[in-house]
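Topology and contacts: notes
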Amino acid sequence: MRDPLFDISDRVIILTGACGLIGRTLATRLAERGARMVVVDVATACPEEMATRLEGEAMGVACDVSRADDVAALVARTEERFGRVDVLINNHQHKPQGFTSTPAEEFPEALWDAIVDVNLKGTFLMCRDVGRVMLRQGKGSIINVASTYGVVSSTPDLYEANSLGNPVAYSASKGGVIMLTKYLGAYWAERGVRVNCVTPHGVLNGHEAGFVERFRARSPMRRLMTAEEVVGAVLFLASDASSYAVGSNVLIEGGWTAW
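Everything quoted here is computed from the prediction, not taken from an experiment. Counting restarts for each chain: residues are numbered from 1 in the order of the written sequence. Totals for whole chains, interfaces and linings use every residue, but because this is a predicted model, local features are given only for residues with pLDDT of at least 70 and side-chain atom pairs only at 80 or more, for both listing and counting. Hydrogen atoms and water are omitted, and side-chain values are computed over all heavy atoms in the structure.

1. Concerning the pairing of strand E4 (residues 87–90)
Burial along E4 is two-sided: Val87 and Ile89 facing one way and Leu88 and Asn90 facing the other are all buried. Two strands pair if DSSP finds at least two bridges between them. Going along the chain from the N terminus, every DSSP run of H or I of four or more residues is numbered as a helix, and every run of E of two or more is numbered as a strand. For strand E1 (residues 12–15) and E4, the ladder comprises 3 bridges, and the chain directions are parallel. From the neighbouring strand, isoleucine 14 faces E4, where its bridge partner is leucine 88. Exposure categories follow from relative accessible area, calculated using a 1.4 Å probe and restricted to protein chains: below 20% of the type maximum is buried, above 50% is exposed, and the middle band is partly exposed.

Laid out in structure tokens, this is it:
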């Protein structure tokens, strides 16, 4: 029996970044709970293929969220198919190949623009266009996915002798996402649209052994998280259980920022 407090059945949910690790997990778990999914990614074939594998009604759309015309087309297709949007989950992000370790003093402008265009501008465009729909409806929930590195700086020696790195533009863009969430949450709350943020950290995904050990040494939980551990917070914010939550940043980071 479904708990009505966390019931999302029949809700129309747009999920960007659907082909990534967290995205695939969210799409599957939300669809299992009866949501009608619009799965979105920049990859051409992946969203449509994913939609065919999900439970219930689903639509896959290829969209570059950094392009206003792509975003407008996505919203139009969603309204045409489903007639409304109940939840938007902005899960997209741009990570350069190898998640570059280029230091800030040498960071190229073109790479800065590429990261910020997707992570921050893309989140704004999605919030703006889907927000218009929700404001007309008088109801909706927007969930932006940020990063712990939008809350605190990355630790330089965590990435030593490692190809990952944590580029300055990534932290800046994710910090911007958190403040965008607070701004829109404050301005849209009285019109029925709730805007909140989820901040995961260190999702286990084939990391190098050395990185895993350094991460474990710094985390109060002594481990990385799994993609499944993002689902609960997103379900909370997508459902009526969070009806009084606005402008919040839900930290799911194993206590990383607690010390």
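Back to the write-up after that little detour.
2. Examining the packing of helix H4 (residues 109–137) against helix H5 (residues 168–188)
Axis definition: a line fitted to C-alpha atoms, over the contacting stretch in the case of helices. Angles run 0 to 180 degrees between N-to-C directions. Two elements in contact, H4 and H5, have axes separated by 8 Å at closest approach and are oriented at 15 degrees. Here H4 lies roughly parallel to H5, going by the angle between them. Of the two possible hands of crossing, H4 and H5 adopt the one that is right-handed. Across from Trp112, Ile115, Val116, Asn119, Leu120, Thr123, Phe124, Cys127, Arg128, Gly131 and Leu135 in H4, the residues of H5 making contact are Val168, Ala169, Tyr170, Ala172, Ser173, Lys174, Gly176, Val177, Leu180, Leu184 and Trp188. Just so you know how the angles are binned, under 35 degrees is roughly parallel, over 145 roughly antiparallel, 65 to 115 roughly perpendicular, and the rest oblique. Helix crossings fall into two classes, left-handed where the near helix is turned counterclockwise from the far one by less than a right angle and right-handed where it is turned clockwise. Throughout, a contact is declared for two residues whenever any of their heavy atoms are within 4.5 Å.

3. Brief notes about the state of the cysteines
Cysteine sulfur atoms that come within 2.5 Å of each other are treated as a disulfide pair. On inspection of all chains with the given rule, the structure shows 1 disulfide. Linked covalently through their sulfurs, cysteine 19 and cysteine 46 form a disulfide whose S-S length is 2.0 Å. Between cysteine 19 and cysteine 46, the disulfide has an S-S torsion of -120 degrees and is therefore left-handed. On the criterion of sequence distance, the pair formed by cysteine 19 in the loop between E1 and helix H1 (21–32) and cysteine 46 in helix H2 (residues 46–53) is long-range, its members being 27 residues apart. Using a relative accessible area of 22% as the deciding quantity, one classes cysteine 46 as partly exposed. Free cysteine cysteine 63: the closest other cysteine sulfur is in cysteine 19, separated by 12 Å. Taking the relative accessible area as the measure of exposure, cysteine 63 reaches 4% and is therefore buried. Cysteine 197 takes part in no disulfide bond, and the closest cysteine sulfur, belonging to cysteine 127, lies 9.5 Å away.

4. Observations regarding the pairing of strand E6 (residues 193–200)
Looking along a regular strand, one sees the side chains alternate between the two faces of the sheet. Taken across its 8 residues, E6 has 8 buried, putting it largely inside the fold. Covered by surrounding structure in E6 are Val193, Val195, Cys197 and Thr199 together with Arg194, Asn196, Val198 and Pro200, the residues of both alternating faces. Pairing of strand E5 (residues 140–145) with E6 involves 6 bridges; the strand directions are parallel. If you follow valine 145 over to E6, its bridge partner there is valine 198. Alignment of E6 against strand E7 (residues 249–252), held across 4 bridges, turns out to be parallel. Note that in E7 the partner of threonine 199 across the bridge is leucine 251.

5. Regarding the packing of aromatic side chains
Pairing of aromatic rings covers Phe, Tyr and Trp, the last counted by its six-membered ring, and requires centre-to-centre distances within 6.5 Å; plane angles under 30 degrees mean stacked, over 60 mean edge-to-face, and any other angle means tilted. The final tally for this structure, using the stated rule, is 3 aromatic pairs. Taken together, a centroid distance of 4.3 Å and an interplanar angle of 15 degrees make the contact between tyrosine 183 and tyrosine 187 stacked. In this pair, tyrosine 183 and tyrosine 187 are both assigned in helix H5, 4 residues apart and thus about one turn of the helix distant. Seen in terms of ring centroids, phenylalanine 211 and phenylalanine 215 are 6.1 Å apart; in terms of plane orientation they differ by 45 degrees. Their pairing is tilted. On the criterion of helical spacing, the pair formed by phenylalanine 211 and phenylalanine 215 is a turn pair, its members being 4 residues apart in helix H6 (residues 209–218). A single burial state applies to phenylalanine 211 and to phenylalanine 215, both of which are buried. Three or more aromatic residues link up through ring pairs in this structure, and these residues are Phe211, Phe215 and Trp256.

6. Focus on the sheet that holds E4
Judged by pairing direction, the sheet is parallel, and its 7 strands sit side by side in the order E3-E2-E1-E4-E5-E6-E7 without closing on themselves. Each having just a single partner strand, strand E3 (58–62) and E7 make up the two edges of the open sheet. For this sheet, the mean angle separating the axes of adjacent strands, direction not counted, is 15 degrees. Judged from the 4 bridges that link them, E1 and strand E2 (residues 36–41) form a sheet pairing that is parallel. What sits directly across from isoleucine 14, in E2, is valine 38. Sitting on the sheet, H4 is in contact with E1, E4, E5 and E6, with an inclination near 175 degrees to E4. With respect to the sheet, H5 is in contact with E5, E6 and E7, its orientation differing from that of E6 by roughly 155 degrees.

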